[in-house]
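An overview of the molecular structure
So the chains spell out like this:
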Amino acid sequence: MKKRSWGHLLVTAVSLVGFAAAMVRVCCAGQIWMMESQKRQVEIIALYPEGSGALAAELGEQYEGLFTFSFPEDYRDQATLRPGTILEVMGSASMKITSPAQLGRVERVKRKGERPDFTAAYYSTLKEKYRNRTREELWQAVDALEDLNQGEKDGLMYLLGEI
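Quick look at the structure, then. Being a predicted model, the structure only gives us computed values, none of them experimental. (Residues numbered from 1 in each chain as written. Predicted model: local features only at pLDDT ≥ 70, side-chain atom pairs only at ≥ 80, totals over all residues. Heavy atoms only, no water.)

This next bit is on the nonpolar core. One finds Tyr 122, Leu 126, Leu 138 and Leu 156 to be the most contacted residues of the largest nonpolar core, which totals 17 residues. When contributions to this core are tallied by element, the ones reaching two or more residues are strand S1 (37-47), strand S2 (53-58), helix H2 (118-129), helix H3 (135-143) and helix H4 (150-159). If sequence neighbours within four positions are ignored, Leu 156 has contacts with Phe 118, Tyr 122, Tyr 123, Leu 126, Val 142, Leu 145 and Leu 148. Residues Ile 44, Ala 56, Val 89 and Ala 101 belong to the second largest nonpolar core, which totals 15 residues. (Core = buried A, V, L, I, M, F, W, Y, C linked by side-chain atoms within 4.5 Å. Buried < 20%, exposed > 50% of the residue type's maximum accessible area, 1.4 Å probe, protein only. Helix = DSSP H or I, 4+ residues; strand = E, 2+ residues; numbered from the N terminus. Contact = heavy atoms within 4.5 Å.)

See the structure below:
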């Protein structure tokens, strides 16, 4: 390009950036943009090392699979948590679609109750018994565990390395 063309391109780019900034200021004046928050009732499936986060399953009719989240920096009760602990988690309404999903920002965590520690009850036994069997046989064995909810079953399969 000629020297003059580069100058025109630069002036056009600066003008567009200025116009966009002006439009944002006019359109959004006085509005505060906040991400939507949502309360979730969740069960801990597994805790990550050093208490930084957890693998969890949402309880209730909204169950859509497993997800991970990080505890807020000011949360200090990680040492008292275990698989089966029920929490109320207030955080981002959206999740990253990965496997497992990832819950974004978590603002607050509140302990709500306990269920039996299903990993202590089943993990080692299933891992040993189904070590040399097919994935389908393991799925059938886990699915037959009537005292587990769907999140716990999915979590057990994930921990066994089969999801």
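On we go.
This brings us to the pattern of salt bridges. All told, the structure shown has eight salt bridges when counted by the stated rule. In this structure, Arg 40 engages Glu 58 in a salt bridge whose closest nitrogen and oxygen atoms are separated by 3.5 Å. With a gap of 18 residues between them, Arg 40 in strand S1 and Glu 58 in strand S2 connect regions that are remote in the sequence. Like Arg 40, the residue Glu 58 is buried in the burial classification. We note a salt bridge from Glu 128 to Arg 131, for which the minimum N-O separation is 2.9 Å. Both residues of the pair, Glu 128 and Arg 131, count as exposed. Taken together, the shared-partner salt bridges connect Glu 43, Arg 115 and Glu 152 into one network. (Salt bridge = Lys/Arg side-chain N within 4 Å of Asp/Glu carboxyl O.)

On to H4, then. With seven of 10 residues buried, H4 is to be regarded as a mostly interior element. Those residues of H4 that sit buried are Gly 151, Glu 152, Lys 153, Asp 154, Gly 155, Leu 156 and Met 157. Those residues of H4 hidden inside the fold are in contact with S1, S2, strand S3 (66-70), H2 and H3. Between the side-chain oxygen of the N-cap and the backbone nitrogen of Gly 151 there are 3.0 Å, and the N-cap of H4 in question is Asn 149. Within two residues after H4, Gly 161 carries a phi angle of roughly 80°, on the positive side. (Polar contact = N/O pair within 3.5 Å; in protein donor to acceptor, adjacent residues only side chain to side chain.)

Buried within H3 are the following residues: Leu 138, Ala 141 and Val 142. Considered in projection along H3, the buried side chains sweep an arc of 95° and stay on one side of the axis. Across from the buried face of H3, at angles greater than 90 degrees, the exposed residues are Glu 136 and Gln 140. Elements in contact with the buried residues of H3: H2 and H4. (Arc of directions from axis to C-beta.)

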